[in-house]
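The residues making up each chain are set out below.
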Amino acid sequence: MLRRILRFPKTCFTCSIASNVHTQHYDVIVVGGGHAGTEAVAAASRVGAKTLLITQKMQTIGVLSCNPSVGGVGKGHLVKEIDALDGVMGRAGDWAGIHFSILNRSKGPAVWGPRAQLDRQRYKDFIQSELLSTPRVTILEGSVQDLLLTVAGPEKPERHKVYGIRLAHGGEIHSHSVVLTTGTFLSGALFMGQNMSPGGRMGDPPSCAGLSNSLKEVLGLKIGRLRTGTPPRIIKNTIDFSLTVIRLPDSSPTPFSFINTNTHCKSEEQLPCYLTFTTPGVEKVVKDSSHLNSHIQQDTKGPRYCPSIESKVLRFPGRQHQVWLEPEGLTSDLMYPQGLSMTMSPEKQLCLIREIPGLQRAKIHTPGYGVQYDFVCPTQLFPWLEVKSTQGLFLAGQINGTTGYEEAAAQGLWAGVNAGRTSLSMPPLSLSRTESYIGVLIDDLVGRGVTEPYRMFTSRAEFRTSLRPDNADLRLTLRGFEEIGCVSEQRYNEALRVQAGLNEALSTLQSISLSAARWRDRLGVVSISETKSSILNGVEVLQYKDVSFQMLAYAFPELFGLYLEFSERLKVEALYRPHCDKQRREMKRMQAEESLSLPQDIDYLTLPVSLSQEVREILDAMRPSTLGAATRLPGITPAAIVHLFNYVHRNKHRAHGKTV
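Residues numbered from 1 in each chain as written. Predicted model: local features only at pLDDT ≥ 70, side-chain atom pairs only at ≥ 80, totals over all residues. Heavy atoms only, no water.

**A few points about the confidence of the model for the protein chain**
Piece 1. Of all residues in the protein chain, 92% attain a pLDDT of 70 or more, and the chain-wide mean is 90.
Piece 2. Here residues 1–7 scores under 50 on pLDDT; set against residues more than four positions off or in separate chains, the count is 24 contacts.
Piece 3. Counting interchain partners and residues more than four positions distant, the pLDDT-below-50 stretch residues 653–660 has zero contacts. (pLDDT = per-residue confidence, 0-100. Contact = heavy atoms within 4.5 Å.)

Right, dumping it as structure tokens:
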């Protein structure tokens with residue numbers, strides 16, 4: 001059994017860069033040290049690639065730019081899957097968490113949302129120390145001016161190949177693959193009131209203009225523009241918490257990581273959050289100052305599910321909106337007002353917050369602001385996050401049109417895995433939407449594109465009862481070691497142990513069958529109907545709401561006593577077993593469709609099959625990589641899918657006939 005003890009890496013943050021870094025050749029170069037970049041670096045290293053991380057500032061690696069939290073409904077699933085693939089975010093969350101809670105508990109476990117409020121400094125320290133103790137990783141402080149590109153080959157003159165980067169001061173560094181994780185820094189601009197300044201985050205400049213030019217002009221990629229924002233930070237001792245509603249954390253913190261049995265923060269050390277609400281006075285400030293707010297007057301798309309307070313007030317006048325006051329750290333004197341992202345002038349921001357109960361005398365430490373930035377339309381990527389037109393160039397994070405730390409980290413991990421694999425002459429891999437939320441995320445991006453910042457929700461997944469937070473290790477860790485190569489042997493052995501224990505326990509449950517009356521006698525007061533006369537096995541009994549595995553172990557200690565450590569997981573497995581059994585046929589159908597590749601050079605406009613002109617234009621514009629991806633495109637009819645299926649099958653048979 002793997003002993004799961006939470007430990008912080010002991011490496012101090014003193015990065016020593018070799019003097020000949022510019023003459024070295026790396027397998028992978030990652031540009032950007034945010035959530036996507038740090039996961040990409042770690043993942044590329046885990047598959048065996050010699051990796052270089054280039055960041056503008058060493059001290060901002062792993063920084064929480066906006067809200068000090070990770071997880072939530074849908075997002076928590078991503079954190080669990082990142083951890084199952086040996087990523088960093090889950091373990092960092094366990095170390096830095098100061099308020100742990102499971103959201104959505106009133107619903108089934110499949111849609112529960114593990115979430116943690118974080119200590120900003122602890123989280124950043126953990127990420128930095130983790131990277132500096134990771135083999136094959138070098139970190140360089142600097143700015144990337146341009147990509148080094150060449151033609152991929154004479155047979156494909158329209159396709160480029162990346163072979164490194166050029167730094168702002170003129171040096172070149174060569175590599176097999178490059179991963180861009182520029183976040184909000186690609187042509188980034190900051191907005192506050194009527195003032196605009198270049199930048200990707202307050203105090204940090206945007207990416208070099210040459211990088212944007214390479215993507216737009218040289219590679220000809222379709223570029224869009226998105227916006228986001230952040231709220232002001234409020235000085236804690238100026239808040240009257242007696243006028244707010246206190247929200248306590250869970251009494252027993254639930255770790256994100258499958259290899260942690262506890263969190264660094266003890267139960268009694270956790271901090272509460274506080275709830276308050278907007279008032280009509282808030283709406284008045286927004287409306288009176290809207291003509292002085294250039295950010296909200298523009299038509300650049302912002303996040304639908306995390307809008308600014310200005311957007312909420314103007315879109316839904318007369319409504320009361322929640323404001324969560326969240327601590328920024330165990331010893332921090334700042335509070336983060338979740339729900340008050342704003343871009344008005346600092347003076348108006350102070351007027352606005354003082355219209356909120358508990359904040360009438362509050363003081364602002366740092367004002368909120370808006371950010372606008374370029375993103376690359378993600379339909380131009382393969383499912384392994386490589387740019388279709390440029391061999392070796394991978395994109396991850398907000399550059400692909402997403403919002404949120406978790407979405408960025410998930411993409412970074414997968415881009416890092418595939419950048420590392422291809423640099424070592426291994427084939428790239430895809431994750432199916434039938435096996436993970438990461439697969440759902442990437443399939444949505446590359447298959448449908450985005451018109452606004454993309455955020456993960458459980459409703460985006462077709463197979464929610466199978467893709468649960470509790471079983472991410474069984475879904476991904478084994479494949480992560482056996483096929484992908486990004487999971488340590490230690491974690492793999494632990495997943496095998498858990499899988500064997502769960503299977504043995506479920507088999508034992510299945511093997512014991514009693515009448516309803518005998519079950520009631522053995523278990524005591526349970527909700528099994530007295531009129532029920534059928535025979536029930538242990539799995540079926542465990543599906544009853546008021547029956548726990550601990551009750552079964554107490555009644556049959558010789559059978560179930562060995563499996564008490566899996567009590568919660570066995571309850572969930574039993575609960576969803578009928579649903580998962582029903583879903584398997586549909587999952588197999590989708591997997592068959594996804595396994596049928598569509599040639600990338602296919603000419604949909606002249607394809608000799610019965611397709612409408614509208615369908616041809618959609619297929620030509622989106623260029624889905626598989627039949628499964630084509631089925632999910634808006635405007636694609638079932639008849640069109642049948643014709644595509646038949647065409648690809650006919651041509652496959654012809655190709656096989658020619659080679660025989």
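**Looking at the sheet that holds strand β16 (residues 322–327)**
Piece 1. If you trace the six strands from one edge of the open sheet to the other, you get β14-β15-β16-β17-β13-β18, paired in antiparallel fashion. In the strand order of this sheet, the two ends are held by β14 (245–247) and β18 (364–366), each with one partner. Going from strand to strand, the sheet's axes swing by 35 degrees on average, the running direction of each strand aside.
Piece 2. In terms of strand pairing, strand β13 (residues 233–235) meets β18 through two bridges, oriented antiparallel. Opposite Ile234, over in β18, you have Ile364 as the bridge partner. (Pairing = 2+ DSSP bridges. Helix = DSSP H or I, 4+ residues; strand = E, 2+ residues; numbered from the N terminus. Axes fitted to C-alpha atoms, helices over the stretch in contact; angles between N-to-C directions.)

**Points about the pairing of strand β2 (residues 51–55)**
Piece 1. Most of β2 sits out of view: five of its five residues are buried.
Piece 2. In β2, alternate side chains face the same way, and those of Thr51, Leu53 and Thr55 on one face and Leu52 and Ile54 on the other are all buried.
Piece 3. One crossover worth recording links strand β1 (residues 25–31) to the parallel β2 by way of helix α1 (residues 35–46), and it is right-handed.
Piece 4. With five bridges joining them, β2 and strand β6 (residues 137–141) adopt parallel strand pairing. Among the inter-strand pairings, Thr55 is bridged to a residue of β6, identified as Glu141. (Buried < 20%, exposed > 50% of the residue type's maximum accessible area, 1.4 Å probe, protein only. Right-handed = clockwise from strand over helix to strand, strands pointing away.)

**A closer look at the side chain of Thr184**
Piece 1. By the secondary structure assignment, Thr184 is in the loop between β9 (172–180) and β10 (189–192).
Piece 2. A distance of 2.6 Å separates a polar side-chain atom of Thr184 from the backbone oxygen of Gly200. (Polar contact = N/O pair within 3.5 Å; in protein donor to acceptor, adjacent residues only side chain to side chain.)

**Details of the sheet that holds strand β11 (residues 195–198)**
Piece 1. Across the sheet, which stays open at both edges, the four strands sit in the order β11-β10-β19-β12 with antiparallel pairing between neighbours. Two strands close off the open sheet at either side, each with one partner strand: β11 and β12 (223–230). Between one strand axis and the next, the sheet turns by 25 degrees as a mean value, whatever way the strands run.

**Examining the packing of aromatic side chains**
Piece 1. All told, the structure shown has eight aromatic pairs when counted by the stated rule.
Piece 2. Arranged with centres 4.1 Å apart and planes meeting at 15 degrees, the rings of Phe481 and Tyr492 form a pair that is stacked. One end of the pair, Phe481, is in helix α12 (residues 472–484); the other, Tyr492, is in helix α13 (residues 489–511), and 11 residues separate them in sequence.
Piece 3. The exposure class assigned to Phe481 is partly exposed, which follows from its relative accessible area of 31%.
Piece 4. A centroid spacing of 6.2 Å and a plane angle of 85 degrees characterise the contact between Phe556 and Phe560, whose relative ring orientation is edge-to-face. Per residue, the accessibility class of Phe556 equals that of Phe560, and both read buried.
Piece 5. Through successive ring pairs, a cluster of aromatic residues spans Trp519, Phe549, Phe556 and Phe560.
Piece 6. In this structure, Lys50 packs its charged tip against the face of Tyr26, placed 5.1 Å from the ring centre.
Piece 7. Lying across the ring of Phe258, Lys80 places its NZ or CZ 4.2 Å from the centre. (Phe/Tyr/Trp six-rings, centres within 6.5 Å; stacked < 30°, edge-to-face > 60°. Lys NZ or Arg CZ within 6 Å of the ring centre and 35° of its normal.)

**As for the pairing of strand β15 (residues 273–277)**
Piece 1. Counting buried positions over the five residues of β15 gives four, a clear majority of the element.
Piece 2. Looking at chain direction, β14 and β15 are connected through three bridges and run antiparallel. Looking at the pairing, Val245 lines up with Leu275 of β15.
Piece 3. Here β15 pairs with β16 via four bridges, running antiparallel. Across the sheet, the residue bridging to Tyr274 is Leu325, located in β16.

**Comments concerning the pattern of salt bridges**
Piece 1. All chains considered together, the criterion is met by 32 salt bridges.
Piece 2. Across the pair Asp204 and Arg201 runs a salt bridge, and its minimum N-O distance is 2.9 Å. Side by side, Asp204 and Arg201 carry an identical accessibility label, which is buried.
Piece 3. Of the charged contacts in the structure, one is a salt bridge between Arg433 and Glu462, with a shortest N-O distance of 2.9 Å. Of the two residues, Arg433 sits in the loop between α10 (405–423) and α11 (437–448) while Glu462 sits in the loop between α11 and α12, which places them 29 residues apart along the sequence.
Piece 4. One salt-bridge network, held together by shared partners, links Arg433, Asp443, Asp444, Arg448, Glu462 and Arg632. (Salt bridge = Lys/Arg side-chain N within 4 Å of Asp/Glu carboxyl O.)

**Section: the side chain of Thr458**
Piece 1. With respect to the secondary-structure elements, Thr458 resides in the loop between α11 and α12.
Piece 2. The exposure class of Thr458 is buried, given its relative accessible area of 9%.
Piece 3. Ignoring any residue separated from it by four or fewer positions in sequence, one finds Thr458 in contact with Val73, Gly74, His77, Val111, Tyr437 and Arg464.

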